[in-house]
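The residues making up each chain are set out below.
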Amino acid sequence: MLTAMENYVLQIGQYKVRNLIRKDLLKPVWMWKFIQTTDSNHELPIAASIRSRQFNSAAPNTASVADITLTRTGYGWLCLAIVLDLYARRMVAWNMVPTMQAELVWDALNMTIQ
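Summary of the structure given here. Every value quoted in this text rests on a predicted model; they were computed, and no experiment measured them.

Things to note about the pairing of strand 2 (residues 76–85)
Here strand 1 (residues 64–73) pairs with strand 2 via ten bridges, running antiparallel. Along strand 2, the bridge assignment pairs Ile68 with Ala81. The loop that links strand 1 with its antiparallel partner strand 2 comprises two residues. Across seven bridges, strand 2 lies against strand 3 (residues 90–97) in antiparallel orientation. Counted as the bridge partner of Leu84 is Met91 from strand 3. The turn linking strand 2 back onto strand 3 is made up of four residues, and Arg89 within it adopts a positive phi angle of 55°.

A closer look at empty space enclosed by the protein
Over the atoms a probe the size of a water molecule is rolled, and this reveals where empty space is left. Taken as a whole and assessed by the stated rule, the structure comprises one cavity of 30 Å³ or more. Of the pockets and cavities examined, the largest cavity occupies roughly 30 Å³. Contributing to the lining of the largest cavity are Ala66, Asp67, Ile68, Ala81, Ile82, Val83, Val105, Ala108 and Leu109. Across the lining of the largest cavity, the residue classes break down as eight nonpolar, no polar and one charged.

Notes on the sheet that holds strand 1
Hydrogen bonds along the backbone pair up the strands of a sheet, which may run parallel or antiparallel. Strand order in the open sheet formed by three strands is 1-2-3, with antiparallel pairing between adjacent strands. Two strands bound the open sheet, and with one partner strand each, they are strand 1 and strand 3. Neighbour-to-neighbour, the strand axes of this sheet turn through a mean angle of 25°, independent of strand direction. Together, strand 1, strand 2 and strand 3 form the strand contacts of helix 2 (residues 102–113), whose direction differs from that of strand 3 by roughly 145°.

Details of the layout of surface pockets
Space inside the largest pocket adds up to approximately 250 Å³. If you go around the largest pocket, the residues you meet are Ala47, Ala48, Ser49, Ile50, Arg51, Arg53, Phe55 and Val65. Of the residues that constitute the lining of the largest pocket, the class distribution is five nonpolar, one polar and two charged.

Here we look at the nonpolar core
Cys79, Ala81, Val83, Ala93, Leu104 and Ala108 form the largest nonpolar core, which has six residues in total. Among the elements that make up this core, the one with the highest residue count is strand 2 (three residues). When residues no more than four places from it in sequence are discounted, the contact partners of Ala108 are Ala81, Val83, Ala93, Trp94 and Asn95.

A short note on the environment of Asp67
Of note, Asp67 is situated in strand 1. The partly exposed category is assigned to Asp67, whose relative accessible area is 47%. Along the backbone, Asp67 and Trp94 are 27 residues apart, and their C-alpha atoms lie at a distance of 9.7 Å. Among all residues touching Asp67, those that are not within four sequence positions of it are Leu80, Ala81 and Ile82.

Definitions and cut-offs
Residues numbered from 1 in each chain as written. Predicted model: local features only at pLDDT ≥ 70, side-chain atom pairs only at ≥ 80, totals over all residues. Heavy atoms only, no water. Pairing = 2+ DSSP bridges. Helix = DSSP H or I, 4+ residues; strand = E, 2+ residues; numbered from the N terminus. 1 Å grid on protein atoms, 1.4 Å probe; cavity = no way out; pocket = protein on both sides within 12 Å on 5 of 7 lines; lining within 4 Å. Points joined across faces, edges and corners; volume = space filled by probe spheres on them. Nonpolar A, V, L, I, M, F, W, Y, C, P; charged D, E, K, R; others polar. Axes fitted to C-alpha atoms, helices over the stretch in contact; angles between N-to-C directions. Contact = heavy atoms within 4.5 Å. Core = buried A, V, L, I, M, F, W, Y, C linked by side-chain atoms within 4.5 Å. Buried < 20%, exposed > 50% of the residue type's maximum accessible area, 1.4 Å probe, protein only.

In structure tokens, the structure reads:
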């Protein structure tokens, strides 16, 4: 059996809510949506840039670049590896897995070759 309070809906605006929170000296707790995924403070060697920031290509399938990123989906966080053809400026291969492993990149590169 429902009581009167369980069936009661109160519609108020955001400014009224803000004023009520201030009146009762409540402090909201903010949850950060940003999740740090990269640790740049390490002693590992950094690979040299082979292309030297020259991202133009004279013919198709002669130069490609790749990137790895984490993306939030309806299934949770997934690792995404993509390969771009520099001549066509389009994605030619991709792979997405739940955990970052070496196979993530290798599968995307093999898809590019095939």
